Amino acid sequence: MPKSSNIVQAADNLYMITLPVAITGFAEFITAWVWTAGPVVVVDVGPSSTNGRLLSALAELGVRHLDFILLTHIHIDHAGGIGGVARAFPKTPVVCHPKAVEHLVDPQRLWEGSVKTLGDVARAYGPIEPVPGEQVLSIDRFDAQGIEPIATPGHAPHHFSFLMGDLLFAGEAGGVCLSLENGEFYLRPATPPRFRIQTSLDSIDRLIDCAPRRICYGHVGMCSQAVEMLDRHHDQLMLWLEKITPWYERHPQGGSDLMEACLDDLLASDPTLSGFSQLSPDVRSRERFFLLNSVRGYWGYLADH
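Below, the structure is looked at part by part.

## A few points about the sheet that holds strand 13 (residues 214-217)
Within the open sheet, the five strands sit side by side as 8-9-10-13-14. Their pairing is mixed. Strands with a single pairing partner mark the edges of an open sheet, and in this sheet they are strand 8 (148-151) and strand 14 (221-223). The sheet shows a mean angle of 25° between the axes of neighbouring strands, taken without regard to direction. Two elements, strand 10 (residues 167-171) and strand 13, share four bridges in a ladder whose sense is parallel. Paired with F169 across the two strands is C216, which belongs to strand 13. Helix 7 (residues 197-209) rests against strand 8, strand 9 (160-164) and strand 10 of the sheet, and its axis sits at about 150° to strand 8. Against the sheet, helix 8 (residues 226-250) engages strand 10, strand 13 and strand 14, with an angle of about 55° to strand 13.

## Observations concerning the pattern of salt bridges
Across all of its chains, the model carries twelve salt bridges by this definition. Across the salt bridge formed by R196 and D304, the nearest N and O atoms sit 3.4 Å from each other. Of this pair, R196 sits in the loop between strand 12 (185-188) and helix 7 while D304 sits in helix 10 (residues 281-304), placing them 108 residues apart in sequence. With a shortest N-O distance of 2.8 Å, R232 and E228 are connected by a salt bridge. Taken together, the positions of R232 and E228, both in helix 8 and four residues apart, correspond to about one turn of that helix.

## Notes on the side chain of H73
In this structure, H73 sits in the loop between strand 5 (68-70) and helix 2 (76-79). For H73, the side chain forms a polar contact with the side chain of E172, separated by 3.5 Å.

## A few points about the pairing of strand 9
With respect to burial, strand 9 is a largely interior element, five of its five residues being buried. Burial along strand 9 is two-sided: the face carrying F160, F162 and M164 and the face carrying S161 and L163 are both buried. Here strand 8 pairs with strand 9 via four bridges, running antiparallel. Across the sheet, the residue bridging to I150 is S161, located in strand 9. The pairing of strand 9 with strand 10 spans three bridges and is antiparallel. Within strand 10, the residue paired with M164 across the bridge is L167.

## Quick notes on the sheet that holds strand 7 (residues 136-138)
If you walk across this open sheet you meet the seven strands as 1-2-3-4-5-6-7, and the pairing is mixed. What marks the edges here is a single partner per strand, and that holds for strand 1 (7-11) and strand 7. Looking at each pair of strands side by side, their axes are set apart by 25° on average, direction ignored. Where helix 1 (residues 51-60) meets the sheet, it contacts strand 1, strand 2 (14-18), strand 3 (31-35) and strand 4 (41-43), and its direction lies at approximately 150° from that of strand 2.

## Observations regarding the packing of aromatic side chains
Inspection of every chain in the model, using the stated rule, returns twelve aromatic pairs. With centroids separated by 5.0 Å and ring planes inclined at 85°, the aromatic side chains of F289 and F290 adopt a geometry described as edge-to-face. Judged by its relative accessible area of 15%, F290 falls in the buried class. Through successive ring pairs, a cluster of aromatic residues spans F26, F29, Y125, F289 and F290. In this arrangement the basic side chain of R250 is found over the ring face of W247, its NZ or CZ atom lying 5.2 Å from the centre.

## Here we look at helix 1
Looking at helix 1, one finds that the buried residues are N51, L54, A57 and L58. Along the axis of helix 1, the buried positions cluster into a sector of 135°, meaning they face one direction only. The secondary structure elements touched by the buried residues of helix 1 are strand 1, strand 2, strand 3, strand 4 and helix 3 (82-88).

## Re the nonpolar core
Among the nonpolar cores identified, the biggest contains 111 residues, and L70 and F169 are the most heavily contacted of them. Discounting residues that sit within four places of it in the chain, F169 has contacts with L14, W33, W35, V43, T72, S161, F162, M164 and C216.

## Some details on the environment of S161
Take S161: it is sitting in strand 9. Distance from S161 to G38, taken between C-alpha atoms, is 18 Å for residues 123 residues apart in sequence. Aside from chain neighbours lying at most four places away, what touches S161 is E148, P149, I150, T152, L168, F169, A170, A173 and L207. In this structure the side chain of S161 is engaged in a polar contact, spanning 3.0 Å, whose partner is the side chain of T152.

## Brief notes about the side chain of H78
Here H78 is to be found in helix 2. A polar contact of 3.1 Å, which involves the side chain of H78, links it to the side chain of H219.

Thresholds applied
For every chain, the first residue of the written sequence is number 1, and numbering continues from 1 along that sequence. Per-residue local features are limited, in this predicted model, to residues with pLDDT of at least 70; the limit for side-chain atom pairs, both in listing and counting, is 80 or more; totals at the level of whole chains, interfaces and linings are taken over all residues. Calculated side-chain values reflect all of the structure's heavy atoms, with hydrogen atoms and water omitted. Here, a strand pair is defined by DSSP locating no fewer than two bridges between the strands. Only DSSP runs of H or I covering at least 4 residues are called helices, and only runs of E covering at least 2 are called strands; the numbering of each starts at the N terminus. Here an angle of 0 to 180 degrees is reported between the N-to-C directions of two axes, which are lines fitted to C-alpha atoms, with helices fitted over the stretch in contact. Whether two residues touch is decided by their heavy atoms; if any such pair falls within 4.5 Å, the residues are in contact. For salt bridges, the criterion is a side-chain nitrogen of Lys or Arg within 4 Å of an Asp or Glu carboxyl oxygen. Polar contact criterion, stated in full: a pair of N or O atoms within 3.5 Å, where within protein one must be able to donate a hydrogen and the other to accept it, and residues adjacent in sequence count only if both atoms are side-chain atoms. Between buried and exposed lies partly exposed: a residue is buried under 20% and exposed over 50% of the maximum accessible area for its type, with that area taken using a 1.4 Å probe on protein chains only. Note on ring pairs: Phe, Tyr and Trp rings are taken, using the six-membered ring of Trp, and paired if centres are within 6.5 Å. Classes follow the plane angle, with under 30 degrees stacked, over 60 edge-to-face and the rest tilted. Cation placement over rings: the criterion is NZ of Lys or CZ of Arg within 6 Å of the ring centroid and within 35° of the ring normal. The arc in question is the one traced by the directions running from the helix axis out to the C-beta atoms. Buried Ala, Val, Leu, Ile, Met, Phe, Trp, Tyr and Cys residues that are joined via side-chain atoms within 4.5 Å together make up what is termed a nonpolar core.

Purely spatial values, then, with no claim about function.
Here you go:
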């Protein structure tokens, strides 16, 4: 077994590497996955500020070669460190959505957009360094036995999930899922602006049709009831639409106080959020930030429709 505290063996040939960021509440929020059965792959690499932790963990696991680096999407918390990791594995293809290729080769706009959206959180994640163009492999040219890419736009238009046998690497297509001490789960949407609910629901249905047995979340951990969790998340997105719509219709102008009140209503009525009170104060603060961002995603969707 690995000695480092940030390496968790989730199953045979499967490891979760926790990548703590120096922000309150972010010690166990970002992860990379390492799969060593068949092709040796890393799924998502985290931000650049955690490159050292990821590369040290790979070395401890004895990973000297990677067949592929798979990016579910290129948000800074999942792919911001790709430049440094690509340098460490210069012969390894970096697999991403076709629309993401230009942003990995020249990440300036991606970085500027991250800072505009996340502010100091993005700065703590660290700057995004470029990847050599010849190392980036558009997913429409990717073909590897045992790895099936699945288009799952919703959380982001450039989002893909990856199926390996009965194991699904879902990024944020299935939401954010945290294990609780009582054995239950806290599950929330990851629906930032711009959000399209039907696109998200179609993506979830596509994953359910694949009938995976286990699901690996970008945030955080593995669950062995994959289809049940995806069904639960599908229902949650519909519940949020039902709950948020009356708030929007009464107050379409929005505003921070109104969003807070709407979120309190969701926390009181959404059973998949019932574990919120069991989270530590620091994690609750982090989650409230992202929950409000998801409410804004719904608000924008309703404004467009």
